[in-house]
Amino acid sequence: MPIRMTGLNSGLDTESIIAALMSAQRTKQTKVENKRTKLEWKKEQWASLNTKIYNFYTNSLSKMKMKSNYMTKAATSSNTSKVTAKASTNAATGSYSVEVEKLASAQKVTSGKLNGSAVRNDKGELVTDSSGKTVYEEGKITAKTKLIDLQDAGFGTGTQIKIESGDKSAYLQVDENTTVSDFVNKLNSAGLIASFDEKQQRFFINSSKSGKGNEFKISSGKMSDAQIKVTNDLKDLIGYDKLSTSNKNTADSIMAGLQSGTETVDDIIEKLTTLANDNTEKEAKQKATDLYTAEAKVKVHNEFDDEVSKELGIDKANLTDTDRKKYLEDKGYEIDKKKPLADAVKEARDKYEDKAAEKLIKSEDYYKDKIEDALKNGIKPEEVQRVRATGADIESDDAKYTFDDRMTRAVATNGEADRLAKEYAATMSTPLIDNSTDALKALGLSKIDGEAVNEGGNGNTVGMVVISAEDTRIKYNGATLTSDTTNITIAGVELNVLGVTNPGETVNISVTNDTSGVYDTIKEFVSEYNAILKEMNTFYNAGSAKDYDVLSDEEKDAMSDSEVEKWEGKIKDSLLRRDSTLGAIISSFKNNMMGVYTTADGNRYALSSIGISTSKDYKEGGLLHIRGDEDDPEYADSDNVLRKMLDENPDAVIGVFTSLADTLYSDLQKKMSATTMSSAMTFYNDKEMSSQLSDYKDEISKWQSRLDEMEDKYYKQFSAMETALANIQSQQNSLASMLGGGN
C-alpha cells in the first residue's frame, strides 16, 4: 500500500473520512463473504450428515435386506473340544449324534537330507581329486545350486520332473542351468507349498489344501530325442529364456496343458502366437538396432577427432594420442597405464564410441526412423551392403541382419506356432522313455504317489518321509460322511470338527430356534435408525437464526471465545432448517417404516402389528419403540409382541424387515444417484454448492477490485483538493507579500 500524506492544507482527517466512506461500500462485499461462509458451513454440515446416512445405508440397512443375516436357529455341542456347530435358518430343530473317526489333513513331504554339491573353482569349472573324480562338499547346497551339481545327480539330457496337484500339472525340464530355486518355484506354481531349508539341507513340500482329493504326485523321467527337439523348438519360437517371469508362467501353463491333454491347440494358440510374435518382433528390432548401431559408430568414429579438436582448441592436423587421452579422461574414461599409449587410447576410444553410438540410436531421428521403417518393411541384403559400404564393422553373413516385413513375419510366425503346438501336443502325449526315480534321488526324493512313506524306519534321519492326505470321516446319526476339510455342512448344520472322539464316545448336537439373536439384530437396527432420524429431525426442525449474521473480526475481538462459539453455533444449527433435500430423506425414512408389507405366507403386516410403533409424543418425530423392551422406559411394561412373533412366526417378522429394508434401500439409492448437481453416493447437491462457492469467490474478487478503484478515486479527489488549497494559499501569500511591500 502506498504511503499517503493527507490533510496538510485542509486540516481534515482524510484517512478517517475515506475509511467511513469505504465502510458503507464494503457492506456489499461483506454480505457476499457472509453468504460464502454460511454456504461453506452448510456444505461441511451436509458432508458430515451424508457420511452418517451412507454408513447406515451400506451397513445396517444393507444387512437387514438379506435373510442370511437373520440367525433364527442356534446349534449347541455337548463337547466343543471335539465338535462345534452352527445352524442356518433351514436347519431342522432336534438332536443329532456325531462320532469323529478321522480329521482331514494335508499331504506333507520331507525330503531326505541332500548329500552334497559339486565344488567349482573361480572359473566355474568342476574341481576333481587326484583320481579325476568330482569333489563334493556337504551342507553347502543353496537355492542357487544347480541340480546337475548335486551329488548322485541322475539328471541326464532331457530329464523332466512332473508335478501333479489336484487338477494341475506342472513340468520342469532340467538342463545345465536349472537350480534348486527353479524346482521349488515349479512346485509352488503347481499349487503346492514348497521350500528348501539350507540349514537342514532338505525340501519341505505340503499340499495347500487338506483331503485325499488334494494329494499330489511327483515323478521324473527322460524325454526322447523327438520330445527334446520339439520342446526346444517351441521355446526358441517364443524366446522362452528372454521372457519375463509372468510370460514364462504363461508359457509353462501352455506347454503343461498341451502335454497333459487338459488344453487343446485351439485353446492356447492365441496366447502362443502372441508370445511368438512378440519374440519375432524383438528379434527383428535387435537385428535392426545392431545394424544401425554399427553405422552410427562409423559416424562417431569419423567425428571423434573433430570433437577433440573443438574441445581442446587444437588444430585437428596436430592432434596426438596424448590429446585424445586427455579428452577421454575428461569424459570419464579410464586409460590403462599398463598398456602402450596407443593401445590404451584405442581401448578407451572404442568404449566411448560404443556409448556414443547407443546414444545416437536413441536420440537422432535418422536412426529412429531407420529402425521403425525396418520393423515395418524389413531389411533387405542391399541395405546391409549399403551400411557395410560406410565402413561399418558388421558380420559378413547378411542373414544376421536381414528379415522380412512385419506382415510376412507375422504370417510365418503364426503358421509356425500352429505347426509346433500340434507337434508338441502329439509328441509329448507319448510317455517318457524312462520313469525311474534316479533323477529324484539327488533331491532326497523318490517317486511320490500319495502313499505314506518313511524311508529308514522310525529312527529315520536321512530318508524321505511322506505323510499321506486324509479326509475327515464322521458318523452322523449312524451314517458315515466324509469331507476334505474339517468343516462339514449337513442339512443346514455346519460342523467344525476339532478332534477324534474316543471309541464309543458320541457328541450331541442340539438345534433350537434362536429368537434372541434375531431380536437383538432388529433392536440394533431400530436403535441405529432412531439415531440417524433424530439427528436429521434436529437439523430440519432447528430454530431460526435470521437475526444472527457472521461475525466480523472486530466483533469477534469484542466477544469471548465461548460467546463466539455459541453465536456461530446458533447459525450452524439452523443451516439445514426446512431444507427440502433433507426433508425428502426424512419422509423416505418415515414412509417406509409406516408401510404395510406382504410376507411369504400371503399376510400383510405393518411394524405396529409386530410390536414396533412410534410414540404418542409427536415431538419425537417418528422415532420407533419396541413395545415391551426392557431398555425402553416408555414401553417396558407393555407386552413384547416382537418376541412372541419371533417365537411363533419368525418368517413373518423376517419377511417384514427384509421387504422394508429393501424398499428403503432402493429409495436411498435413487436419492444419491449422480446428477448435474450432485456426485454419486451423495445425498445433497455437492456439485451445486461447489459451483456457488466458486461464484462467490469470483464475486468477492470483483468487489475487491471495485473497492480498490473506489478508494484510489477518493484519495485522488482529496489530493486534488489539497493541491487546490495549496495553490490558493500560495497565491494569498504572494498577494500579501506584494501588498506589504507597497507600504
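Residues numbered from 1 in each chain as written. Predicted model: local features only at pLDDT ≥ 70, side-chain atom pairs only at ≥ 80, totals over all residues. Heavy atoms only, no water.

S.K.: What should I look at first to understand helix α2 (residues 180-189) in this one?
M.R.: For an α-helix, 3.6 residues make a turn, and residues three or four places apart therefore share a direction. Turning to α2, its buried residues number three or more, namely Val180, Phe183, Val184, Lys186 and Leu187. End-on, the buried residues of α2 take up no more than an arc of 160 degrees, which puts them together on one face. (Buried < 20%, exposed > 50% of the residue type's maximum accessible area, 1.4 Å probe, protein only. Helix = DSSP H or I, 4+ residues; strand = E, 2+ residues; numbered from the N terminus. Arc of directions from axis to C-beta.)

S.K.: So what exactly am I meant to see when it comes to the layout of surface pockets here?
M.R.: In this approach, a probe sized like a water molecule rolls over the atoms, and the result shows the empty space that is left. What the largest pocket holds in volume is close to 980 Å³. Residue lining of the largest pocket: 38 residues in total, with Leu172, Gln173, Asp175, Lys235 and Tyr240 positioned closest to the centre. Counting residues per element, the ones that place at least two in the lining of the largest pocket are β8 (168-173), α2, α3 (225-238), α4 (245-260) and α5 (265-312). Ranked by residues supplied to the lining of the largest pocket, first place goes to α4 with seven residues. Residue composition of the lining of the largest pocket, grouped by class: eleven nonpolar, 16 polar and eleven charged. (1 Å grid on protein atoms, 1.4 Å probe; cavity = no way out; pocket = protein on both sides within 12 Å on 5 of 7 lines; lining within 4 Å. Points joined across faces, edges and corners; volume = space filled by probe spheres on them. Nonpolar A, V, L, I, M, F, W, Y, C, P; charged D, E, K, R; others polar.)

S.K.: How should I be thinking about the pairing of strand β18 (residues 507-513) in this particular structure?
M.R.: Sheet faces and side chains relate simply in a regular strand, where the side chains alternate between the two faces. The pairing of strand β1 (residues 73-77) with β18 spans five bridges and is classified as antiparallel. Residue Lys73 lies in a different strand from β18, and its bridge partner there is Asn513. (Pairing = 2+ DSSP bridges.)

S.K.: Help me out: how do you make sense of the sheet that holds strand β16 (residues 487-490) in this one?
M.R.: Strand pairing in a sheet relies on backbone hydrogen bonds, with the paired strands running either antiparallel or parallel. Pairing is antiparallel in the open sheet, where three strands are placed in the order β2-β17-β16. Strands at the two margins of the open sheet, each flanked by one partner only, are β2 (83-87) and β16. Neighbour-to-neighbour, the strand axes of this sheet turn through a mean angle of 20 degrees, independent of strand direction. Where β2 and strand β17 (residues 493-497) come together, five bridges link them in antiparallel fashion. Of the residues in β17, the one forming a bridge with Lys86 is Glu494. (Axes fitted to C-alpha atoms, helices over the stretch in contact; angles between N-to-C directions.)

S.K.: Is there a simple way to think about the packing of aromatic side chains in this case?
M.R.: Between two aromatic rings, the relevant description is the distance of the centres plus the angle of the planes. The tally for this structure, following the rule as stated, stands at 16 aromatic pairs. Through pairs of rings, three or more aromatic residues link up here, namely Phe56, Phe525, Tyr529, Phe589 and Phe657. Here the basic side chain of Lys65 rests over the ring of Tyr665, its NZ or CZ set 3.8 Å away from the ring centre. In this arrangement the basic side chain of Lys235 is found over the ring face of Tyr240, its NZ or CZ atom lying 4.5 Å from the centre. (Phe/Tyr/Trp six-rings, centres within 6.5 Å; stacked < 30°, edge-to-face > 60°. Lys NZ or Arg CZ within 6 Å of the ring centre and 35° of its normal.)

S.K.: Can you walk me through the side chain of Asp514 in this structure?
M.R.: For Asp514, the location among the structural elements is in the loop between β18 and α12 (515-540). Arg643 provides the closest opposite charge to the buried, salt-bridge-free Asp514, at an N-O distance of 8.4 Å. There is a polar contact of 3.0 Å between the side chain of Asp514 and the side chain of Ser516. (Lys, Arg positive; Asp, Glu negative; His and termini not counted. Salt bridge = Lys/Arg side-chain N within 4 Å of Asp/Glu carboxyl O. Polar contact = N/O pair within 3.5 Å; in protein donor to acceptor, adjacent residues only side chain to side chain.)

S.K.: Can you walk me through a positive patch on the surface in this structure?
M.R.: A grouping of Lys28, Lys31, Lys35, Lys702 and Arg706 is seen on the molecular surface, where their side chains present a positively charged patch. Where the positive patch is concerned, the elements lending two or more residues are α1 (14-65) and α18 (686-742). Looking at the positive patch, the element that brings in the most residues is α1, giving three residues. Relative to the elements of secondary structure, Lys35 occurs in helix α1. Residue class for Lys35 comes out partly exposed when judged on its relative accessible area of 48%. (Patch = residues over 30% accessible without salt bridge, like charges linked within 9 Å, V, L, I, M, F, W, Y side chains within 5 Å. Areas by Shrake-Rupley, 256 points an atom, 1.4 Å probe, with all protein chains shown as cover. Charge placed at Lys NZ, Arg CZ, Asp CG, Glu CD.)

S.K.: In this structure, what is going on with the pattern of salt bridges? I would like to understand it.
M.R.: A side chain of one charge can pair with a side chain of the opposite charge when the charged atoms of the two come close. Scanning the entire structure with this criterion turns up 36 salt bridges. Of the charged contacts, one joins Arg324 and Asp305 as a salt bridge, the two residues approaching to 2.9 Å between their closest N and O atoms. Linking Arg324 in helix α6 (residues 321-330) with Asp305 in helix α5, this pair joins segments that are 19 residues apart in sequence. Like Asp305, Arg324 is buried. A salt bridge links Lys326 to Asp330; the nearest nitrogen and oxygen atoms lie 3.2 Å apart. Taken together, the residues Lys326 and Asp330, both in helix α6 and four residues apart, mark about one turn of the helix. Judged by its relative accessible area of 44%, Lys326 is partly exposed. Salt bridges sharing common partners tie together Glu295, Lys370, Glu383 and Arg386.

S.K.: How should the nonpolar core be read in this particular structure?
M.R.: It is characteristic of soluble globular proteins that their nonpolar side chains tend to be buried jointly. One finds Leu49, Leu61, Ile522, Met536, Phe589, Leu607 and Phe657 to be the most contacted residues of the largest nonpolar core, which totals 51 residues. Elements with a minimum of two residues in this core: α1, α12, α15 (580-593), β22 (624-626), α16 (641-648), α17 (650-671) and α18. With near-sequence residues (within four places) excluded, Phe589 lies in contact with Phe56, Tyr529, Ile532, Leu533, Met536, Leu664 and Leu668. (Core = buried A, V, L, I, M, F, W, Y, C linked by side-chain atoms within 4.5 Å. Contact = heavy atoms within 4.5 Å.)

S.K.: What am I meant to see in the environment of Glu283 here?
M.R.: Considering the arrangement of structural elements, one finds Glu283 in helix α5. The class of Glu283 is partly exposed, set by a relative accessible area of 38%. Between the C-alpha atoms of Glu283 and Leu575, which are 292 residues apart in sequence, the distance is 70 Å.

S.K.: Got a minute to help me understand the environment of Thr30 in this structure?
M.R.: With respect to the helices and strands, the residue Thr30 is situated in helix α1. What makes Thr30 partly exposed here is its relative accessible area of 33%.

S.K.: Whenever I open this one, the packing of α5 against helix α10 (residues 406-428) confuses me. Can you help?
M.R.: Angle between the axes and distance between the axes: these two values describe a pair of packed helices. Two elements in contact, α5 and α10, have axes separated by 9 Å at closest approach and are oriented at 135 degrees. Considered as vectors, α5 and α10 are oriented oblique to each other. As for how α5 packs across α10, the hand of that crossing is right-handed. Within the contact between the two elements, α5 uses Val265, Ile268, Ile269, Leu272, Thr273, Ala276, Asn277, Thr280, Glu281 and Ala284 and α10 uses Arg406, Arg409, Ala410, Thr413, Asn414, Ala417, Asp418, Ala421 and Lys422. Class assignment for the residues of the contact of α5 with α10 results in nine nonpolar, five polar and five charged. (Parallel < 35°, antiparallel > 145°, perpendicular 65-115°, else oblique. Left-handed = near helix turned anticlockwise from the far one by under 90°.)

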